[in-house]
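# Inside the fold
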Number of protein chains: 2
Amino acid sequence: MPQLRLALAQVNATVGDLAGNADLVVDFCRQAAEQDVHLVVFPEMVLTGYPIEDLAMRASFIKASIAGVQVLAERLAQEGCGDLVAMVGYLGQAEGVDNRLGIPKNAPQNCVAVIHGGRVVASQAKHHLWNYGVGDEIRNFVPGDTINLVQIGGIDVALAICEDLWRDGPSAAAKAAEAALLVVPNGSPYEADKDDVRLDLCARRAREGECVLAYVNLVGGQDELVFDGDSIVVDATGRVLGRSRQFEPELLVVDLDLPAATEPMPDPDERFGGLRIRRTIVSAQPFAAYEPRPVVHHERMKRNEEIYTALVTGLRDYVHKNGFSSVLFGMSGGIDSTLVAAIAVDAFGAENVFGVSNPSAWSSEHSQSDAAEQARRTGLSLQTIPIAPIFDAYQDSLHLDGLAEENLQARVRAVIWMGLSNQHGHLVLACGNKSELATGYSTIYGDAVGGYAPIKDVPKTLVWELARWRNEIAVERGETPPIPENTISKPPSAELRPGQLDTDSLPPYELLDAVLDAYVERDLGSAAVIAEGFDPALVERVIGLVDRAEYKRRQYPPGPKVSRRNFGRDRRVPITHRWREKL
Amino acid sequence: MPQLRLALAQVNATVGDLAGNADLVVDFCRQAAEQDVHLVVFPEMVLTGYPIEDLAMRASFIKASIAGVQVLAERLAQEGCGDLVAMVGYLGQAEGVDNRLGIPKNAPQNCVAVIHGGRVVASQAKHHLWNYGVGDEIRNFVPGDTINLVQIGGIDVALAICEDLWRDGPSAAAKAAEAALLVVPNGSPYEADKDDVRLDLCARRAREGECVLAYVNLVGGQDELVFDGDSIVVDATGRVLGRSRQFEPELLVVDLDLPAATEPMPDPDERFGGLRIRRTIVSAQPFAAYEPRPVVHHERMKRNEEIYTALVTGLRDYVHKNGFSSVLFGMSGGIDSTLVAAIAVDAFGAENVFGVSNPSAWSSEHSQSDAAEQARRTGLSLQTIPIAPIFDAYQDSLHLDGLAEENLQARVRAVIWMGLSNQHGHLVLACGNKSELATGYSTIYGDAVGGYAPIKDVPKTLVWELARWRNEIAVERGETPPIPENTISKPPSAELRPGQLDTDSLPPYELLDAVLDAYVERDLGSAAVIAEGFDPALVERVIGLVDRAEYKRRQYPPGPKVSRRNFGRDRRVPITHRWREKL
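Residues numbered from 1 in each chain as written. Chains lettered and ligands numbered in written order. Predicted model: local features only at pLDDT ≥ 70, side-chain atom pairs only at ≥ 80, totals over all residues. Heavy atoms only, no water.

Moving on: the packing of aromatic side chains. All names here are of chain A. Here the structure, examined in full by the defined rule, presents 15 aromatic pairs over all chains. Taking NZ or CZ as reference, Lys434 lies 5.7 Å from the ring centre of Phe567, over its face. Sitting above the plane of the Trp464 ring, Lys460 keeps its charged end 5.5 Å from the centroid. (Phe/Tyr/Trp six-rings, centres within 6.5 Å; stacked < 30°, edge-to-face > 60°. Lys NZ or Arg CZ within 6 Å of the ring centre and 35° of its normal.)

This is the structure in structure tokens:
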């Protein structure tokens, strides 16, 4: 059988950075060419970054992307990669009109260009637009109607783009067209607890298509999304022929033996279902035989490592891609800011991490000593600024009490952090967790301030679990565990009044997080939550808290999605609404 | 020709309030029955409120809506409205599977129920889902495939729902089915400067359908949207037979002479295009002849009145529907907070409006005297709390300078407002305008704090225009103009350092707003903006400011959309992106 050396370029693109992303493509193509690769596949929309949201509809950006892909083709040939076939995602444009959606000529499309010999020899637009969860592609793109078959070294290669793989059709089309290889560029964000859905899907589609399937995904953070890579090649029986690391850029090279194409001549009227089939022959002769390389097959990370790495990646890329290099946040000595500190030190190094301790009259001794202990263990900088003189200055004018007085303390701290941020250029991090965000157990413009919120999608029980896990792997590596034991074991408290505990206002976190999982992540109504065995009064209380806190969530900083349903674009509910789940 | 007394029930529904909205429907049906109306049509999704966003996908809410419409039908009969035909929008459910979108059985639909004699006699789902601008209906609903023809008093009445009217099809179907009347329930939000697009569309579709067309719209505010009503009935030549007031609830009664139905017998296989036609006969005999009423035809408001009324409506409904009755905000004596004060007094009465003046070392004499003068003119409560002691307390610890010091002043004020809000239960208003929001000329967690931002979609030049207009109509009405002349005429300043003027940091507002209109509202690239005659350096500077301020806009409070493209759901761009318009 003919051989093909395939490479999957799992890269970290930046949205809108056409020049930088083109450089990245050239760099990976050069590496591929040096390794005698025949075909290199990049992730979805690698040239523009992904997702570009409404930038898709800006005429100047569409024009720049289309021009950019032509320039890239020429440049690849000049750089000695002209023999290599490169499949590169970009923002393209429909030629026709889509009457169903009422979208005009030149509407944007999510495309992949097939580049060879200094030219774009074929292009394909995504058929099935991703329009659920955090995806809004029907808003931004019109669907394509063509499947490309590109013959490389006498082997027919078919293309499907991301969501296309989740629908029936592409694998059947690949089979009907007798493609030997189906390549799938993706921009598929990380979510915890999906088991190995991705591998299962690839294996199923490969079996359906009776072909090898190659799945390549982005890595890196983009606003609330984290792409985890995990690029995969499976054979027609579903066996893994290669798998990349997660979260890190990698050029995965896989040697394939594939059946030769049986239908060498293009037929312009060929169709499958509603799709046109367009055949392009890059090279009909098999490549010279060569010695295949061993299979590269990285194991997936375990759950806690995977989630923690997603948090580090999301934070690091948000900060760096927005031009910052250091971060600052309040260190209360509690578990949330302590986990954030560990993540930040892992993302930026201790020298770029600045903690601020702001003790008040109600702060416990351990709130300061635990923060200081973590600073000592990790090497981050910790500054202490007591809030009493400022708090008193407010109270001389305002005479607040109760909740207003509690919130005042949180806001005095926030103004201190923002002042230091403005003065020294550190990005402020908000340290709230998902349980807090769900129930509104935070002070808006107080502890909720920040440019990014690294653990906003992490429930409190998982915060503890990740803290324990981070300490455990430090021990395994012979390093100092970054998180003081006392921080993990002590009962959580906002310390805004004497002797305050979270459990004064909230149910125990194990119970709270279980109800939140049902109501928020699985979107169950109250009757269905209660049917899972929870106390009706508890369910009513939790749902009431969640519904009333929507206004706070709208003004919360962005943070990395790691759950099935985050409080960002996954869950879009009105602030103003009176639907109350009845018991 | 047979007669029909039609009523359009232009009501203010509340999202999620199934019981309250049902009461509203019963109330308007009773009024209609008392006036011998034969058919009353309510706006789109009146039973659930609109838009319901992801509540559409919560099984418990779908179930409650479907049950609610059945209960409503029974209740209407019990309340003596059984003879009346009522068309009531609700959240329904598809019976089949939509393979195109991969959506399962029981997927949500945007429906209208036809209620008569205590039963739902027909139901129709929206065909064309609104999925651009602020609409996300393809995410939330699956499309319907049926057009209903309901015979009432021997007259065939066809139905189309909102977006359906903007596409070809419904009017052609109405014509093909020989409907005499096409009724169109809508949830169509207000936008300034659309000319009379709505009337033009209704007239065009009526001519195409060769039938009378009745368009009924919601009124009131829902988060960032304001519905302006403006319900219209036109005859088959496009002549207006009735038109409601804007922004206020109204039962518009219109007497029609309509051709009798020619096809009295249902044919179960009848189709038009891809749509099933379903015929329901409520009453085949013409109603007894009666004396028609005179035509009710309200003139549309002029531009400034219309925009100002939209702002008052959006603010009032956000505050009231979220359970607040009073508002508080910083009064700097500048034009923005002054316009907000006038809007708030118009929305809530002076007794519910609380201004706070927070002079600093750099505050001018007039900043206090102008605020005091407005308080005197309108009767709102003004409290003065100087910030110096608090500012000094921060500086003793922080020693900030430059921009950090300027921002500190704004944040000290914000903490004061939030403290008073927490203590006294007033909702805080952010007073920023659209030009400020566009360029990031505001302090995050400073002047940007608030539960609602009444003028966030109003460019600075329009702020002045509305202020002048509000004073002029006060003079016309023989009232005291609410806005001090000096506030309108003085040059704008943030007063965060000595002698500071907005023009130190920004281009003149006339120029700035013109560039923003091109870049933000019309989404032009820089070359296209420059082609309109603007200085390239100015364009580059403004675009840079807009692109860098996205993170601030994400955390800004909601506020009423009045423009073509607001900074909420109309314009969804990433925070993290490096696309820079090149010159």
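This part covers the interface of chain B and chain A. Contacts between chain B and chain A engage 79 residues on the former and 79 residues on the latter. Interface area for chain B against chain A, summed over the two sides, is near 6,800 Å², with a carbon-plus-sulfur share of 53%. Applying the counting criterion to the chain B and chain A interface returns six salt bridges. Note that A:Asp523 and B:Arg58 form a salt bridge whose closest N and O atoms lie 3.2 Å from each other. Counting across the interface, chain B meets chain A through 37 residue pairs in polar contact (both at pLDDT 80 or more). Put simply, the parts of the chain that give the side of chain B that touches chain A at least two residues each are helix H2 (59-81), helix H3 (137-140), helix H7 (303-321), helix H10 (388-398), helix H11 (402-424) and helix H19 (550-554) of chain B. (Contact = heavy atoms within 4.5 Å. Buried area = accessible area lost by both parts, 1.4 Å probe. Salt bridge = Lys/Arg side-chain N within 4 Å of Asp/Glu carboxyl O. Polar contact = N/O pair within 3.5 Å; in protein donor to acceptor, adjacent residues only side chain to side chain. Helix = DSSP H or I, 4+ residues; strand = E, 2+ residues; numbered from the N terminus.)

So, about the relation of the copies chain B and chain A. Two copies of one chain are present, and they are related through a rotation about an axis combined with an axial shift. If you rotate chain B by 180° and push it 0.0 Å along the axis, it lands on chain A with an RMSD of 0.0 Å. Taken together, these values place the two copies in the relation of a two-fold axis. Relative to the rotation axis, the closest C-alpha in chain B is found at B:Gln555, a distance of 2.1 Å. Both copies contact each other with a shared surface, as 100% of the interface residues of chain B are interface residues in chain A too. (Least-squares fit on C-alpha atoms with pLDDT ≥ 70 in both.)

This paragraph deals with the nonpolar core. Membership of the largest hydrophobic core comes to 100 residues, with the highest contact counts inside it found for A:Val40, A:Phe42, B:Val40 and B:Phe42. When neighbours within four sequence positions are excluded, A:Phe42 is seen to be in contact with A:Ala9, A:Val11, A:Val25, A:Phe28, A:Cys29, A:Met87, A:Val88, A:Pro185 and A:Val216. Membership of the second largest hydrophobic core comes to 72 residues, among which are A:Ile335, A:Ala347, A:Cys431 and A:Phe534. (Core = buried A, V, L, I, M, F, W, Y, C linked by side-chain atoms within 4.5 Å. Buried < 20%, exposed > 50% of the residue type's maximum accessible area, 1.4 Å probe, protein only.)

With that out of the way, let us pick up the sheet that holds strand E4 (residues 108-116) of chain B. Residues and elements named next belong to chain B. Spatial ordering of the open sheet is given by E5-E4-E3-E2-E1-E14, a layout of six strands whose pairing is mixed. The sheet terminates laterally at strand E5 (119-125) and strand E14 (250-257), the two strands that pair on one side only. In this sheet, adjacent strand axes meet at a mean angle of 30° when their direction is disregarded. Pairing of E4 with E5 involves six bridges; the strand directions are antiparallel. Its bridge partner being in E5, His116 is matched across the sheet by Arg119. This element, helix H1 (residues 18-34), spans strand E1 (3-10), strand E2 (39-41), strand E3 (85-93) and E14 of the sheet and lies at about 45° to E14. (Pairing = 2+ DSSP bridges. Axes fitted to C-alpha atoms, helices over the stretch in contact; angles between N-to-C directions.)

Once that is clear, we can look at the packing of helix H16 (residues 509-521) of chain A against helix H18 (residues 536-548) of chain A. Residue and element names in this part refer to chain A. Packing of H16 against H18 leaves a shortest axis separation of 10 Å and a crossing angle of 65°. As summarised for this structure, H16 and H18 are arranged roughly perpendicular, according to the angle between their axes. Along this stretch, H16 crosses H18, giving a crossing that reads as right-handed. For the pair H16 and H18, the contacting residues are Leu511, Leu512, Val515, Leu516, Tyr519 and Val520 in the first and Leu538, Val542, Ile543, Val546 and Asp547 in the second. Along the lines of polarity and charge, the residues of the contact of H16 with H18 split into 10 nonpolar, no polar and one charged. (Parallel < 35°, antiparallel > 145°, perpendicular 65-115°, else oblique. Left-handed = near helix turned anticlockwise from the far one by under 90°. Nonpolar A, V, L, I, M, F, W, Y, C, P; charged D, E, K, R; others polar.)

Moving on, we come to empty space enclosed by the protein. All names here are of chain A. A full pass over the atoms with the stated rule returns 13 cavities of 30 Å³ or more. Lining the second largest cavity are 13 residues, and of these Lys194, Asp195, Arg198, Asp228 and Arg300 lie nearest its centre. Grouping the constituent residues of the lining of the second largest cavity by class yields three nonpolar, one polar and nine charged. (1 Å grid on protein atoms, 1.4 Å probe; cavity = no way out; pocket = protein on both sides within 12 Å on 5 of 7 lines; lining within 4 Å. Points joined across faces, edges and corners; volume = space filled by probe spheres on them.)

Turning our eyes to something else, we now look at the side chain of B:Arg470. Assignment of secondary structure puts B:Arg470 in helix H13 (residues 460-476). Once residues within four sequence positions are removed from consideration, B:Arg470 is found in contact with B:Tyr308, B:Ala342, B:Asp346, B:Arg477, B:Glu479 and B:Pro482.

All names here are of chain A. Summarising the element assignment, Arg468 is placed in helix H13 (residues 460-476). Taking relative accessible area as the criterion, Arg468 reaches 40% and is therefore assigned partly exposed. A sequence separation of 164 residues divides Arg468 from Asn304, and the C-alpha atoms of the two residues are 9.7 Å apart.

Let's shift gears to the pattern of salt bridges. Taken as a whole and judged by the stated rule, the model has 99 salt bridges over all chains. B:Arg572 is paired through a salt bridge with B:Asp136; the nearest N and O atoms lie 3.0 Å apart. Within this pair, whereas B:Arg572 is found in the segment after H19, its partner B:Asp136 is found in the loop between E5 and H3, the two being separated by 436 residues in sequence. B:Asp136 carries the same exposure label as B:Arg572, and that label is buried. Salt-bridge contacts for B:Arg554 lead to B:Glu550; the nearest nitrogen and oxygen are separated by 3.1 Å. On the criterion of helical spacing, the pair formed by B:Arg554 and B:Glu550 is a turn pair, its members being four residues apart in helix H19. B:Glu550 sits in the buried class, given a relative accessible area of 5%. Salt bridges linked by common partners bring A:Asp196, A:Arg198, A:Asp228, A:Asp230, A:Arg243, A:Arg300 and A:Glu306 together as one network.

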